[in-house]
Amino acid sequence: MSVVVSPRRSIRFTSWILTGGSVLAAAAFAWPFFVGAVPADAQVAVPIVAFALIPALIVGLVLTLDREMYTAKTVALLGVLSAVGAAVRIAGAGVGGVEAVFVLLILAGRVYGARFGFLLGLLTIAVSSLLWGGFGPWTPFQMFACGWVGAGAGLLPRWSITTVQRWRIRCEIALLAGYGVVASYLFGLAMNLWFWPFAVGSGSGISYEAAADPGQNLASFALYSLVTSTLTWDTVRAITTVVGIVLIGPAVLAALRRARLGPRR
């Protein structure tokens, strides 16, 4: 006798899978702050485990997504938007801090939901890295970080505004622009975190020290991020994202909603 799983239960199960996988991925990013709690003879293995965990998580999360995410329309939209995102990302490559692809991830995640936004972020980085030849140890971390950007947009609150339509649109654009600023800086911090332990030699005020306590390493990381990207690359990314959302957000949101998949995923 077959067991029928309701769509709502399937969606809830997938959400738990994605949440659990994201927590493990976050731990892989943040290993420098916890390595001191690992026995000394095992500390050298922690970075290796973290790097191995990320690609395994990506494969596992994609495979566990429920069948609703594999309808013909969903696959077609994912393919088209991933190709557009990859092209936008490649076109902006080499321009310090410009991440126009964030505009697409945020707008699509807002319309189609967290799961779609998460997958779009993963695929956009994968496709652009394949076409651009930019695969490296950083790629799986970029895939998760961009997946979180798209998923976060799908989790933003929705409200019912009974006033004029144009004011509702302006409020939504303001919300997405504000989220774009936050996401731009958090993305920069996340990508700094995977690289920071290997970027600076020992003995400086911004170096990672395996024997240091988490508070000291956190302070060193904050200073490293501030002087290397927060004031420059991340700020340019935030400005680019806000400008893009304000200029093309209303039109793109309307176009994406005309091709709506049904319930938000």
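### Notes on helix H6 (residues 139-154)
Phase 1 of the analysis: The terminal C-alpha atoms of H6 lie 23 Å apart, and with 16 residues this matches the ideal 22 Å at 1.5 Å per residue to within 8%.
Phase 2 of the analysis: By the criterion of burial, H6 is predominantly enclosed, with 15 of the 16 residues buried.

### Examining helix H9 (residues 233-258)
Residues spaced three or four apart along an α-helix face the same direction, because each turn holds 3.6 residues.
Phase 1 of the analysis: When the local axis directions of H9 are compared, the greatest deviation, roughly 60°, occurs at Ile248, which is followed within four positions by the proline Pro250.
Phase 2 of the analysis: Taken together, the buried positions of H9 are occupied by Asp234, Arg237, Ala238, Thr241, Gly244, Ile245, Gly249, Leu253 and Leu256.

### Some points on the nonpolar core
Phase 1 of the analysis: Within the largest apolar cluster, 60 residues are counted, with the highest numbers of intra-cluster contacts made by Phe29, Ile54, Leu81, Phe116, Phe144 and Val149.
Phase 2 of the analysis: With near-sequence residues (within four places) excluded, Ile54 lies in contact with Ala25, Ala28, Phe29, Pro140, Phe141 and Phe144.

### Section: the packing of aromatic side chains
One pair of aromatic rings is described through two measures. These are the centre distance and the angle between the planes.
Phase 1 of the analysis: What the rule picks out here adds up to 14 aromatic pairs.
Phase 2 of the analysis: Ring centres of Phe144 and Trp148 lie 5.5 Å apart, and the angle between their planes is 55°; on these two criteria the pair is classed as tilted. Placement of the pair is Phe144 and Trp148 together in helix H6, with a separation of four residues, close to one helical turn.
Phase 3 of the analysis: Overall, the relative accessible area of 0% leaves Phe144 in the buried class.
Phase 4 of the analysis: Linked through ring pairs, Phe29, Phe118, Phe141, Phe144, Trp148, Trp194 and Phe195 together constitute an aromatic cluster.

### Remarks on the packing of helix H4 (residues 101-112) against H9
Phase 1 of the analysis: For the pair H4 and H9, the least separation of the axes is 8 Å and the interaxial angle reads 40°. Looking at the two axes, H4 sits oblique to H9. Crossing geometry of H4 relative to H9 is assigned as right-handed. Across the interface between the two elements, Phe102, Val103, Ile106, Leu107, Ala108, Arg110, Val111 and Tyr112 of H4 pack against Arg237, Thr240, Thr241, Gly244, Ile245, Ile248, Gly249, Val252, Leu253, Leu256 and Arg257 of H9.

### Some points on the side chain of Thr139
Phase 1 of the analysis: Its place among the elements puts Thr139 in helix H6.
Phase 2 of the analysis: If we ignore the near neighbours within four places in the chain, the residues touching Thr139 are Ile125, Ser129 and Gly134.

### Here's the deal with the pattern of salt bridges
Phase 1 of the analysis: Within this structure, the stated rule accounts for three salt bridges.
Phase 2 of the analysis: A salt bridge links Arg110 to Glu172, with the shortest nitrogen-to-oxygen separation between them at 2.8 Å. Of this pair, Arg110 sits in helix H4 while Glu172 sits in helix H7 (residues 165-199), placing them 62 residues apart in sequence. Each of the two residues, Arg110 as well as Glu172, counts as buried.
Phase 3 of the analysis: With a closest N to O distance of 2.7 Å, Arg237 and Asp234 form a salt bridge. In this pair, Arg237 and Asp234 both sit in helix H9, three residues apart, roughly one turn of the helix. Neither Arg237 nor Asp234 differs from the other in exposure class; each is buried.

### Focus: the packing of helix H3 (residues 72-91) against helix H5 (residues 114-132)
Phase 1 of the analysis: Between H3 and H5, whose axes approach to 8 Å, the crossing angle comes to 50°. Between H3 and H5, the angle falls in the class oblique. Considering how the two elements wind past one another, H3 and H5 form a crossing that is right-handed. Together, Thr74, Leu77, Leu78, Leu81, Ser82, Gly85, Ala86, Arg89 and Ile90 of H3 and Phe116, Leu119, Leu120, Leu123, Thr124, Ile125, Val127, Ser128, Ser129, Leu131 and Trp132 of H5 make up the contact between the two elements.
Phase 2 of the analysis: Each residue belonging to the contact of H3 with H5 can be placed in one class, and the counts come to 13 nonpolar, six polar and one charged.

Reading the values: rules and limits
- Residues numbered from 1 in each chain as written.
- Predicted model: local features only at pLDDT ≥ 70, side-chain atom pairs only at ≥ 80, totals over all residues.
- Heavy atoms only, no water.
- Helix = DSSP H or I, 4+ residues; strand = E, 2+ residues; numbered from the N terminus.
- Expected span 1.5 Å × (residues − 1).
- Buried < 20%, exposed > 50% of the residue type's maximum accessible area, 1.4 Å probe, protein only.
- Bend = angle between axes of the 7 residues up to and from the residue.
- Core = buried A, V, L, I, M, F, W, Y, C linked by side-chain atoms within 4.5 Å.
- Contact = heavy atoms within 4.5 Å.
- Phe/Tyr/Trp six-rings, centres within 6.5 Å; stacked < 30°, edge-to-face > 60°.
- Axes fitted to C-alpha atoms, helices over the stretch in contact; angles between N-to-C directions.
- Parallel < 35°, antiparallel > 145°, perpendicular 65-115°, else oblique.
- Left-handed = near helix turned anticlockwise from the far one by under 90°.
- Salt bridge = Lys/Arg side-chain N within 4 Å of Asp/Glu carboxyl O.
- Nonpolar A, V, L, I, M, F, W, Y, C, P; charged D, E, K, R; others polar.

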